[in-house]
Amino acid sequence: MKQFVLASLLAGSVAMPAMADYTIIAPANPGGGWDQTARTMQTVLQEEGISKSVQVQNVPGAGGTIGLAQFASQNKGNPDALIVGGYVMVGAILTNNSPVSLKDVTPIARLTGEYEAIVVPAASPIKDIAGLIESLKADPGAVSWAGGSAGGTDHIAVGLIAKAAGVDPTKINYIAYSGGGEALAAILGNQVTAGISSLGEFDAQIKAGTLRLLALSSPERIAGADAPTLKEAGLDVELQNWRMVAAAPGLSDEQKAKVTADVEKMVKSENWQKQLADKGWSDTYLSGADFDAQLEKDVTSTGTVLKDIGLVK
């Protein structure tokens, strides 16, 4: 009987599916949206028992394209490697003329979306979005903007705001930072006129009263955020920053299906949904052929926008 039980246990252990030990690359410094996304994935994948161990590595620089290039070259065929990316990376690939693109990895799913927030330090003489636009029209170069990487969502948003206000987008004074933490330090240190990033990256400082929220790039006002939309302020700008996860290049169909299933299990968990609610992220989950088609469309439209505002020739 003992031998039978032991044999049964051994057989059961062999039959159990092995849990992957994922490593997630966050291609930016700690503190930004990609880093937050990667670490939220780490938490939920582990707590839901989808993966027994998940590591996060930060590889910052050039709007995520340095991390993307490293990821693509070092992980071919590795089903346990993931990288976080999104709209910012799409723009950075174009503006940096990157030799590596999202075609060199295996896109798995779009995960979240978040609208842009325009802020100033609490002590700023600029009290509202109208005041900021007035300053921008008077002297575009004198208004400095802190945001994420060149060509990313933040940069695109400033260009669109300038264009909507009748200001030449090529004259904006945009200062790019590779991590949300660095940009936030510059804004809080009064080194720039204004800051722009996803609302979640400024939320704690807005609530603490150290930053003043001027406007949001959402189509409608966001509950809990005391600020008008850019459209309310007379600027025809609506923009959502989305984030995605991709796997390594060269995966088999079976390996890709396994990663996709793990990600789907993660995003459908109550734990993930709670994390989204706590962080103010929208659930924009999309995978498979639908995501591939949407990604291709987004790459094309981003190229058009970047040309319009003079960031890509």
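The structure this text deals with has already been given above.
Rules of the game
- Residues numbered from 1 in each chain as written.
- Predicted model: local features only at pLDDT ≥ 70, side-chain atom pairs only at ≥ 80, totals over all residues.
- Heavy atoms only, no water.
- Helix = DSSP H or I, 4+ residues; strand = E, 2+ residues; numbered from the N terminus.
- Rg over C-alpha atoms; globule rule 2.2 N^0.38 Å.
- Buried < 20%, exposed > 50% of the residue type's maximum accessible area, 1.4 Å probe, protein only.
- Contact = heavy atoms within 4.5 Å.
- Areas by Shrake-Rupley, 256 points an atom, 1.4 Å probe, with all protein chains shown as cover.
- Lys, Arg positive; Asp, Glu negative; His and termini not counted.
- Charge placed at Lys NZ, Arg CZ, Asp CG, Glu CD.
- Pairing = 2+ DSSP bridges.
- Arc of directions from axis to C-beta.
- Axes fitted to C-alpha atoms, helices over the stretch in contact; angles between N-to-C directions.
- Parallel < 35°, antiparallel > 145°, perpendicular 65-115°, else oblique.
- Left-handed = near helix turned anticlockwise from the far one by under 90°.
- Nonpolar A, V, L, I, M, F, W, Y, C, P; charged D, E, K, R; others polar.

### A short note on the overall build of the protein
- Within the protein, the secondary structure is distributed over 11 helices and 10 strands.
- In terms of C-alpha radius of gyration, the protein reaches 21 Å, essentially the compact-globule figure of 20 Å for 313 residues.
- Taking the principal axes of the C-alpha coordinates as reference, the protein spans close to 85 × 40 × 30 Å.
- Within the span of the protein, comprising 313 residues, buried residues form 51% of the whole.
- The long-range fraction of contacts in the protein, counting pairs at least 24 apart against all pairs at least 6 apart in sequence, stands at 77%.
- Of the roughly 14100 Å² of accessible surface on the protein, 52% is carried by carbon and sulfur atoms.
- Each charge sign in the protein was given a centre, from 24 positive and 33 negative side chains, and these centres are 2 Å apart.

### Considering the pairing of strand β9 (residues 240-247)
- Of all the eight residues making up β9, seven are buried; the element is thus mostly covered by neighbouring parts of the structure.
- The pairing of strand β3 (residues 81-86) with β9 spans five bridges and is classified as antiparallel. From the neighbouring strand, I83 faces β9, where its bridge partner is A246.
- Relative to β9, strand β4 (residues 106-121) runs antiparallel, the two being bridged by eight bridges. When the sheet's bridge partners are listed, T106 is paired in β9 with A247.

### Section: helix α8 (residues 199-208)
- When we look at burial in α8, the residues that qualify are L199, E201, F202 and Q205. Along the axis of α8, the buried positions cluster into a sector of 140°, meaning they face one direction only. Seen from the open side of α8, the exposed residues pointing more than 90 degrees away from its buried face are K207 and A208.
- Backbone geometry just downstream of α8 places G209 in the positive-phi region, at approximately 85°.

### Observations concerning the packing of helix α6 (residues 153-164) against helix α11 (residues 288-308)
- At a minimum axis separation of 10 Å, α6 and α11 run at an interaxial angle of 55°. Taken together, the axes of α6 and α11 lie oblique to each other. Along this stretch, α6 crosses α11, giving a crossing that reads as left-handed. Only T302, V305, L306 and D308 of α11 make contact with α6, whose side of the interface consists of I156, L160 and K163.
- Along the lines of polarity and charge, the residues of the contact of α6 with α11 split into four nonpolar, one polar and two charged.

### A closer look at the side chain of T37
- Relative to the elements of secondary structure, T37 occurs in helix α2 (residues 33-47).
- Overall, T37 belongs to the buried group, its relative accessible area being 0%.

By themselves these figures say nothing about function.
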